[in-house]
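What the coordinates show
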Amino acid sequence: MCLITLSGAQNDALEIRDLFLKSQKFYESKDAYLLDIEYTLYKSEAGDDQLEHYLSETIKNGQDFYTKIHNTEFVELGNKSLKINHDERAVLIDKRESKVASIGVIDNILAVLPKFKSYKVTKNNDGFKCEFTAHDITQLPFTKVIIYFNKDYSLKTQILHLTNALPYVENDKNVYRSPRLEIKLSAVKQYITDEKLKLTTYLKANDLARLSGKFSKYQLISNL
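The structure contained in this document is the topic of the report that follows. The model shown is predicted, which means the values in this text are computed figures rather than measured ones.

Definitions and limits used
Residues numbered from 1 in each chain as written. Predicted model: local features only at pLDDT ≥ 70, side-chain atom pairs only at ≥ 80, totals over all residues. Heavy atoms only, no water. 1 Å grid on protein atoms, 1.4 Å probe; cavity = no way out; pocket = protein on both sides within 12 Å on 5 of 7 lines; lining within 4 Å. Points joined across faces, edges and corners; volume = space filled by probe spheres on them. Helix = DSSP H or I, 4+ residues; strand = E, 2+ residues; numbered from the N terminus. Nonpolar A, V, L, I, M, F, W, Y, C, P; charged D, E, K, R; others polar. Core = buried A, V, L, I, M, F, W, Y, C linked by side-chain atoms within 4.5 Å. Buried < 20%, exposed > 50% of the residue type's maximum accessible area, 1.4 Å probe, protein only. Contact = heavy atoms within 4.5 Å. Arc of directions from axis to C-beta. Phe/Tyr/Trp six-rings, centres within 6.5 Å; stacked < 30°, edge-to-face > 60°. Expected span 1.5 Å × (residues − 1). Pairing = 2+ DSSP bridges.

By volume, the largest pocket is sized at about 860 Å³. In terms of residue count, the dominant contributor to the lining of the largest pocket is helix H2 (residues 104-112) (5 residues). For the lining of the largest pocket, the class distribution of residues is 23 nonpolar, 8 polar and 6 charged.

By size, the foremost hydrophobic cluster in this structure holds 34 residues, and its most contacted members are Phe20, Phe132 and Leu155. If you list the elements that add at least two residues to this core, you get helix H1 (13-28), strand S2 (32-42), H2, strand S8 (118-123), strand S9 (127-133), strand S10 (142-150), strand S11 (155-162) and strand S14 (180-185). Ranked by residues supplied to this core, first place goes to H1 with 6 residues. Apart from residues no more than four positions distant in its own chain, Leu155 is found in contact with Ser23, Tyr27, Ile103, Val105, Ile106, Ile147, Tyr148, Phe149, Asn150 and Leu185. One finds Ile59, Leu77, Val91 and Leu197 within the second-largest nonpolar core, a separate group that totals 16 residues.

On to H2. An α-helical turn contains 3.6 residues, so any two residues separated by three or four positions project in the same direction. Burial in H2 covers these residues: Val105, Ile106, Ile109 and Leu110. With its buried residues spanning 130° around the axis, H2 presents them on a single face.

This paragraph deals with unusual backbone geometry. Even without glycine at this site, His70 takes up a positive phi of about 55°. Relative to the elements of secondary structure, His70 occurs in the loop between strand S4 (64-69) and strand S5 (72-77). One non-glycine residue, Tyr153, lies in the positive phi region at around 80°. Counting through the fold element by element, Tyr153 comes out in the loop between S10 and S11. Given a relative accessible area of 23%, Tyr153 falls into the partly exposed group.

Take the environment of Glu28 next. Locating Glu28 in the fold gives a position in helix H1. We classify Glu28 as partly exposed; its relative accessible area is 46%. Remark: the alpha-carbon pair of Glu28 and Phe142, spanning 114 residues in sequence, is separated by 27 Å.

Turning our attention to the packing of aromatic side chains. Tallying each qualifying case throughout the model produces 10 aromatic pairs. Both rings, one in Phe116 and one in Phe132, keep their centres 5.2 Å apart while their planes meet at 45°; by these two values the pair is tilted. Separated by 16 residues along the polypeptide, Phe116 in the loop between H2 and S8 and Phe132 in strand S9 bring together distant segments of the chain. Taken individually, Phe116 and Phe132 each receive the classification buried, so the pair is uniform in this respect.

Attention now moves to the side chain of Thr72. Following the sequence through the fold, Thr72 ends up in strand S5. Here Thr72 is in contact with Thr67, Lys83, Ile84 and Asn85, once residues within four sequence places are set aside.

The next point concerns H1. The terminal C-alpha atoms of H1, which comprises 16 residues, lie 23 Å apart, in line with the 22 Å expected from a rise of 1.5 Å per residue. Regarding H1, the residues found buried are Ala13, Ile16, Leu19, Phe20, Ser23, Gln24, Phe26 and Tyr27. Seen end-on, H1 carries its buried residues on one side only, within an arc spanning 155°. Relative to its buried face, H1 has exposed residues pointing more than 90 degrees away, namely Leu14 and Lys25.

Another point: the pairing of S11. The buried fraction of S11 is high, at 6 of 8 residues. With 7 bridges joining them, S10 and S11 adopt antiparallel strand pairing. Bridge pairing links Tyr148 to Thr157 in S11. Taking the residues between adjacent antiparallel strands as the criterion, S10 and S11 are bridged by 4 residues, where Tyr153 takes a positive phi near 80°. In terms of strand pairing, S11 meets S14 through 5 bridges, oriented antiparallel. Each bridged residue has a counterpart across the sheet, and for Thr157 the counterpart in S14 is Lys184.

Now the structure itself:
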């Protein structure tokens, strides 16, 4: 397999930024889609011991979006934004922000891109591998980020090495390990309209002050 290094210095960060912008345009060009997402939190930077694992999904339908991350759902419908926290059994409704990205990691990386120490992008037959390394002393939540893109600029895998180490007991000794989070995204799938992007799934019809029967035992918190 032939590998071509496209950039390897901080001065080439603009080329990396262009890669993320192309990925952003890829998703924005789709009128509707569904992505299956797999989250796995590992105990250490390189080991296979898992701390947490769960499946999730992201949906776009026109200008409406749905995202589920573990036990929390985020819904953007029209001019309303909802957050359903199943652990706290609460539904928060608020005014929607002017723009909500369906793939938040792209906007997040673009925002913190200048704060990393080093950058590298490698192209191969499957797509692109993008690596970011933070400074030795950093306020970023990650010491290292590796993101794989497919050839069409869609996201494939994110590997996030977390900054904060966690304490463990191994062989009767206290040790600290820096966990890593791996996020794998499926290819874009066709979205068939269902209840996830209907306001009446969460609220009574034409009544923003009452929850639907499905969430009747949840607390409604309204910031409208």
